[in-house]
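Here's the letter readout for the chains.
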Amino acid sequence: MQCLVLVLGCLAVLGVVPAQRQVSVQEGPLYRTEGSHITIWCNVSGYQGPAEQHFQWSIYLPSAPEREVQIVSTVDSSFPYAIYTQRVRSGKIYVERVQGNSVLLHITDLQARDAGEYECHTPNTDERYFGSYSAKMNLVVIPDSLQTTATPQTLHKVEQDPLELSCEVATETLQHSHLSVAWLRQKGGEPPVEVISLSRDFVLQSSSEYTQRQSLGEVRLDRLGRPTFRLTVFHLQPSDQGEFYCEAAEWIQDPDGSWYAMTRRRSPGAVVNVQPTDRDFAVRLETEKRLYTAGEPAEFRCVLEAQSIPERHFAVSWAFNSSLIASVGPNAVPLLSGEFAHREARGQLKVGKESDGVFVLKIYHLRQEDSGKYNCRVTERERTVSGEFIDRESRRPKNIPIVVLPLTDNWVAKAPQHHQLLPQGHLESSLSVEVVSNSSAVLEGDDLHVSCSVRTAGPQQGRFSVIWQLLDRQNRRSNIVWLDRDGTVQPGAAYWERSSFGGVQMEQVQRGSFSLGIFHSRKEDEGQYECHVTEWVRAVDGEWQVVGERRASAAVSITALETGFAVTAISRTPGVTYSDSFDLQCIIKPHYPARVPVAVTWRFQPVGTAEFHDLVTFTRDGGVQWGDRSSSFRTRTAIEKAASSNNVRLSISRASDTEAGKYQCVAELWRRNFNATWTRLADRASNLLEIRVLQPVTKLQVSKSKRTLTLVENRPIQLNCSVRAQTSPDSHFAVLWYVHKPSDADGKLILKTTHSSAFEYGTYAEEGGLAGRLQFERHAPGGLFSLTVQRAEVSDSGSYYCHVEEWLLSPNYAWYKLAEEVSGRTEVTVKQLDSRLKLSQAQGNLSALETQQVQLECVVLNRTGPASQLVVEWCVWRPNQPEQEALARLGRDATVHYGEQAARNLKGRLHLDSPAPGVYRLSIQNVAVQDSGTYSCRVEEWLPSPGGAWYKRAEGTSGQTALTVVRPGAALQVDTVAPNATVPEKAAFQLDCSIASRSSQDSRFAVAWYSLRTKARAQRDGREEGEEEEEEEWDEEEEAAEQRGPAERTALLRVGPDTVFGAEGGPWEGRLRFQRLSPLLYRLTVLQASPRDSGNYSCRVEEWLPGPQKDWYRLTEEEAAPVSIRVLDAGSTLQSIICSNDALFYFVFFYPFPIFGILVITILLVRFKSRNASKNSDGKNGVPLLWIKEPHLNYSPTCLEPPVLSIHPGAID
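Residues numbered from 1 in each chain as written. Predicted model: local features only at pLDDT ≥ 70, side-chain atom pairs only at ≥ 80, totals over all residues. Heavy atoms only, no water.

As for the overall build of the protein chain
Per the secondary structure count, the protein chain includes 13 helices and 86 strands. Counting only residues that meet the buried cut, the protein chain has 42% of its 1213 residues in that class. Expressed as a percentage of contacts within the protein chain between residues at least 6 apart in sequence, the contacts between residues at least 24 apart total 61%. Total accessible area computed for the protein chain in this model is approximately 64000 Å², and 50% of it derives from carbon and sulfur atoms. (Helix = DSSP H or I, 4+ residues; strand = E, 2+ residues; numbered from the N terminus. Buried < 20%, exposed > 50% of the residue type's maximum accessible area, 1.4 Å probe, protein only. Contact = heavy atoms within 4.5 Å. Areas by Shrake-Rupley, 256 points an atom, 1.4 Å probe, with all protein chains shown as cover.)

This is how it looks when you write it as structure tokens:
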């Protein structure tokens, strides 16, 4: 062994020992949901052979864990078993090769049957088997129970409105899993943007677009209870517009520790439209002048122009040469920086807020180094729910440069000096003055330049002081500005302010040339401009003296700006169609130079209103300001101002009825003042322009063809409504379906489908139960609409037509009805199925005996439909009855109902059944005579209506069968077996009653024996015994009497059919014994016959049969021939001898009496015991002992005969 290890070690060093093949597969068990896409990796290592290895996947199902089911292979296309072949071929199961030795098994649509143990096998490519060639893992497929629910809706919001959306997420997975929920926003075809999400680790996060807003609390995701996740966006922005939906994912942790999203669900979306508010704003910077002297104050005003300024938050920053001076936040607290903070602390500078829209920077003592560019920047800020501010839009006006001059004597303003003219003739001046203007007529606002040229004949001897004066149209003279001899310029009182802003300037261009500049001239600057020049020379004493004065003037005419100011509005398209464009031109006259601003406002009066409102204004500084009620115009309106004129064109695209009305152009003429302020000189309103916006001419055409439709009930009614032509390919249609009944004046609405494909059932459909049977369909190509009425009923007959409304989307995205048209009518007739019910009409006669069973058949030869149900009713017409009697009714539900009479008389004897399809049988058991009659069946055929109710479609009556029920024929015959008999006195004689034949085997018999005697015989029996000598004579007379007249009948005994004995006849009481020797033989024995018993005897038999109601009735009766019985008289006997002797009488009767009594008692006891033993036993010949009487003891104390013990009827011999 040690040698082997050594050899293997050496081979390993030399690299000749092959590695061990190892196949590994993804660790299980893996839990995945139905319908998901699963991947399972498998790789092999330590193999020999080609770099690209092949893989085969199999499964062991839980139902057969030992049986391999092949799925897919990378080498053999026939490898899959049949249950997986189709899925492999369609690409729903495939193997992705990651590398030569690694693959992924893909199952794109996981099914419940895919659960089991998966095996990854690699065919051997090694020289010998060494290692493992397969690996297994378990896959558990669980139901996909993840549900996301949200309300689909369209919300119209305004910018800054809050938004709240809720989404319910629920799962019923039994395994431990985590949920992640994300709210996303999607615009059109753009990729969705994540607003906010809650990860499976319960971490809130947002995309870059919403990160800042989430951190500030502007965007929130709250979990309300277990299933509800609420998204809140507190201040909507126009960029938030789009479709919001929530997406939930259910995560499960695999055995390798990684998390896998088993399933994802997206909720219905909520479309959010955000209407932007007019939050634009403008900023301008103002100051009094641009030129300052050191030490002067300066004020800069940053003016904010915006709507709803008090409700908004703005921050202002001041800058000097791009360096920050100060910033003022929404709380109006200024923060200064650097040197400006020290100057503010010393009171040399102030930053403040004059009003909501005016911010001020004041420098109380300018320095020369304050020369430069000043500016302000205004930033709108938005307050979040947490109270913090975030920046929005920023605006900055143009820079304002100022110049701060040093403080010197040459720039100190001095008051004008009073001068004194020299005495006349002292010095003569050769001074001449000439005034020249740059233009004798200028437009108001233009700069006016007047030059004053001073000439002298010789060299200049002194200095000049120059005064510019204006003589206006009213001959009012005013000093404009003067220049004293020291070179100091001093403006006049009326021009001091204008001069301070640089509006009036006077300068000495060169020696003897002085110019006056009036900037931004005004109408009141018109007049004579006079230049008054004074020449000064220094006297000997050093004082300045006037040596001469000259003046000259020039007239300047100024045309007022408002002169000829007029506005005209024109349009070349006073009538336009929806979605067309139209232009409005506002022409301003006269043509002003660019420096003259004209503000133009377009006003609009909608149709049906009395007031105008401002649409848009082109402000004097070139800005555009929209009116408060112009939101519908902003996205479809363009305003343009001509570069070479003040004409303004208003272009409106996608015109709709909201743009129809009267338009007017209002122009305002403005003049810029010397102090940088503006003065509105005039305003003009143009003529009214009426713009008519017309709907497009409809091209709607609906098919007018008429048709007739006849069908049987329970079939569908197919109705078509065809739109042959439409105005626009984007037309939508509302279709209203009507039905018109002959009894109605107008059609009734069945169904309405709006242009947005919403369904509304009409009242007729709701009340008539038609709603559940309607099916509406719009065929994709063309304008064909179909209405199908399922399971048509007869009541659905009528005239059907459709009313089509054509709807178009207006340019302002509102639907309007362009036209409507009615189609042709479809006459629909719904009929019931033609009755095909047919019954057998065979007639028949049937006879039966009572108690037999009778069967009557009713045969249905044909029926209307296989779904029909039959009601079978049997009737009988009995003789002597005026009407038929209903016997029994077999309902549709197989229940049997009996008639009133049949319930009393036939219930229990009637039976209804159906031995074969279409055959209905009535069975009457134990028929009776009263069952006789004419029988027939009446059949009703019921069909189901489309609404599920059953109705009677047809009925018919079968042929009649006459049933006659008779009782059995009487066949009773009775014979007497015993002939006439003569018996001695005290003997017994028998009277047999034999039944020779009977009518039925079920018969029972009532038997009665009678004694037939004449009246003579009866009288003789009543005689005394002493008259025996006349007996023979009476016998002869009796025989003669019997031949002459009827005999009297005296009943001996009557036994009923129920074997109940009647009373015994008086003379024979106690001497009768009844026997039934056989079923047809009855015997009556008369004991102790006496001569009085002589006579004729007969038996009468009544035959009784059982009736159908189990009652017995007498069928017939028969009497046997009479039998003559003669009893002989025995004469004197021992009894008479004993009775005649007293001694013998006492010896015979008194002494033996006690002994005989004891004997009798003993016999009675023995007899009593034997009776108890045989009380329940049968009599002779199997005849039951129905009646037993105690033994009758005949004893006469006056005779010597021994007592007679006899068994009477019911006793055993």
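A closer look at the state of the cysteines
Applying the stated criterion across every chain, the model contains 8 disulfides. The disulfide partner of C167 is C246, and the S-S distance across this bridge is 1.9 Å. With C167 in strand β12 (residues 163-170) and C246 in strand β18 (residues 242-253), this pair connects stretches of sequence that are 79 residues apart. Overall, the relative accessible area of 0% leaves C246 in the buried class. Two residues, C452 and C531, share a disulfide whose sulfurs are 2.0 Å apart. Taking the torsion about the S-S bond as the criterion, the C452 to C531 disulfide, at about -85 degrees, is left-handed. Here C452, found in strand β34 (residues 448-455), pairs with C531, found in strand β40 (residues 527-538); they are 79 residues apart in sequence, far enough to count as distant. Taken as a pair, C452 and C531 share a single burial class, namely buried. C875 takes part in no disulfide bond, and the closest cysteine sulfur to it belongs to C937, at a distance of 8.8 Å. Look at C875 and you get buried, because its relative accessible area is 8%. (Disulfide = S-S within 2.5 Å.)

Section: the environment of E1064
Residue position: E1064 is located in the loop between β79 (1048-1055) and β80 (1072-1078). Residue classification places E1064 among the buried positions, given a relative accessible area of 14%. A polar contact of 2.7 Å, which involves the side chain of E1064, links it to the backbone nitrogen of G1070. (Polar contact = N/O pair within 3.5 Å; in protein donor to acceptor, adjacent residues only side chain to side chain.)

Re the packing of aromatic side chains
Using the criterion set out here, one finds 16 aromatic pairs in the structure. Ring centres 5.4 Å apart and planes at 75 degrees place the aromatic pair F281 and F314 in the edge-to-face group. Placement of F281 in strand β21 (residues 281-287) and of F314 in strand β24 (residues 313-320) is noted, with a sequence separation of 33 residues between them. Judged by relative accessible area, which is 7%, F314 ranks as buried. Between Y578 and Y816, the ring centres sit 4.5 Å apart and the planes meet at 75 degrees, which makes this aromatic pair edge-to-face. (Phe/Tyr/Trp six-rings, centres within 6.5 Å; stacked < 30°, edge-to-face > 60°.)

A short note on the pattern of salt bridges
All told, the structure shown has 60 salt bridges when counted by the stated rule. Between R346 and E339 there is a salt bridge, with the nearest N and O atoms lying 3.5 Å from each other. Residue classification places E339 among the partly exposed positions, given a relative accessible area of 40%. Residues E1117 and R1100 are paired through a salt bridge, measuring 3.6 Å at the closest nitrogen-oxygen approach. A residue pair is termed long-range when its members are at least 10 positions apart, and E1117 in strand β83 (residues 1112-1119) and R1100 in strand β82 (residues 1095-1106) qualify at 17 residues. When its relative accessible area of 34% is taken as the criterion, E1117 is described as partly exposed. If you follow the salt bridges from partner to partner, you end up with R1049, R1054, R1100, E1102, R1114, E1117 and E1119 in one network. (Salt bridge = Lys/Arg side-chain N within 4 Å of Asp/Glu carboxyl O.)

Description of the pairing of strand β68 (residues 885-890)
Of the pairings in the sheet, the one linking strand β67 (residues 869-877) to β68 comprises 5 bridges and is antiparallel in character. Along β68, the bridge assignment pairs V872 with L890. The pairing of β68 with strand β69 (residues 896-898) spans 3 bridges and is classified as antiparallel. In the strand pairing of β69, A888 is matched with Y898. Linking two consecutive strands that pair antiparallel, namely β68 and β69, is a turn of 5 residues; a positive phi of about 70 degrees is found at A894 within it. (Pairing = 2+ DSSP bridges.)

Some points on the environment of G1070
Turning to its location among the elements, G1070 is positioned in the loop between β79 and β80. C-alpha separation for the pair G1070 and Q1088, spaced 18 residues apart in sequence, amounts to 9.8 Å.

Some points on the confidence of the model for the protein chain
Of the residues in the protein chain, 87% have a pLDDT of 70 or more, and the chain-wide mean is 82. In the model, residues 1-17 has pLDDT below 50 throughout and makes 4 contacts with residues more than four positions away in sequence or in other chains. Counted against residues more than four places away or in other chains, residues 408-427, with its pLDDT under 50, gives 28 contacts. (pLDDT = per-residue confidence, 0-100.)

Things to note about the sheet that holds strand β37 (residues 489-491)
Within the open sheet, the 6 strands sit side by side as β33-β41-β40-β35-β36-β37. Their pairing is mixed. Strands with a single pairing partner mark the edges of an open sheet, and in this sheet they are β33 (441-443) and β37. With strand direction ignored, the average angle separating the axes of adjacent strands in the sheet is 30 degrees. In terms of strand pairing, strand β35 (residues 463-471) meets β40 through 9 bridges, oriented antiparallel. In the sheet register, Q469 faces β40, and the bridge partner there is E530. (Axes fitted to C-alpha atoms, helices over the stretch in contact; angles between N-to-C directions.)

Some thoughts on the nonpolar core
Ranked by internal contacts, the top residues of the largest apolar core, which has 65 residues, are F565, W602, Y663, W737 and I750. Those residues in contact with F565 that sit more than four places away from it in its chain are I588, K589, P590, Y592, V598, A667, E668, L669, A682, D683 and R684. Residues F281, I309, I325 and I363 belong to the second largest nonpolar core, which totals 29 residues. (Core = buried A, V, L, I, M, F, W, Y, C linked by side-chain atoms within 4.5 Å.)

Remarks on the sheet that holds strand β48 (residues 637-641)
Read across the open sheet, the 4 strands follow the order β42-β44-β49-β48; overall the sheet is antiparallel. Of all strands in the sheet, those with a lone pairing partner are β42 (566-570) and β48, marking the two edges. Pairs of neighbouring strands in the sheet enclose a mean axial angle of 15 degrees, with direction left out of account. As paired strands, strand β44 (residues 582-589) and strand β49 (residues 648-652) are joined by 5 bridges and run antiparallel to one another. Looking at the pairing, C586 lines up with V648 of β49.

Digging into the environment of R967
With respect to the secondary-structure elements, R967 resides in the loop between β74 (961-966) and β75 (973-975). Residue classification places R967 among the partly exposed residues on the basis of a relative accessible area of 43%. The spatial distance from the C-alpha of R967 to the C-alpha of G1107 is 9.3 Å, given a sequence separation of 140 residues. Residues within four places of R967 in sequence aside, it is in contact with L849, E850, V929 and Y1113.

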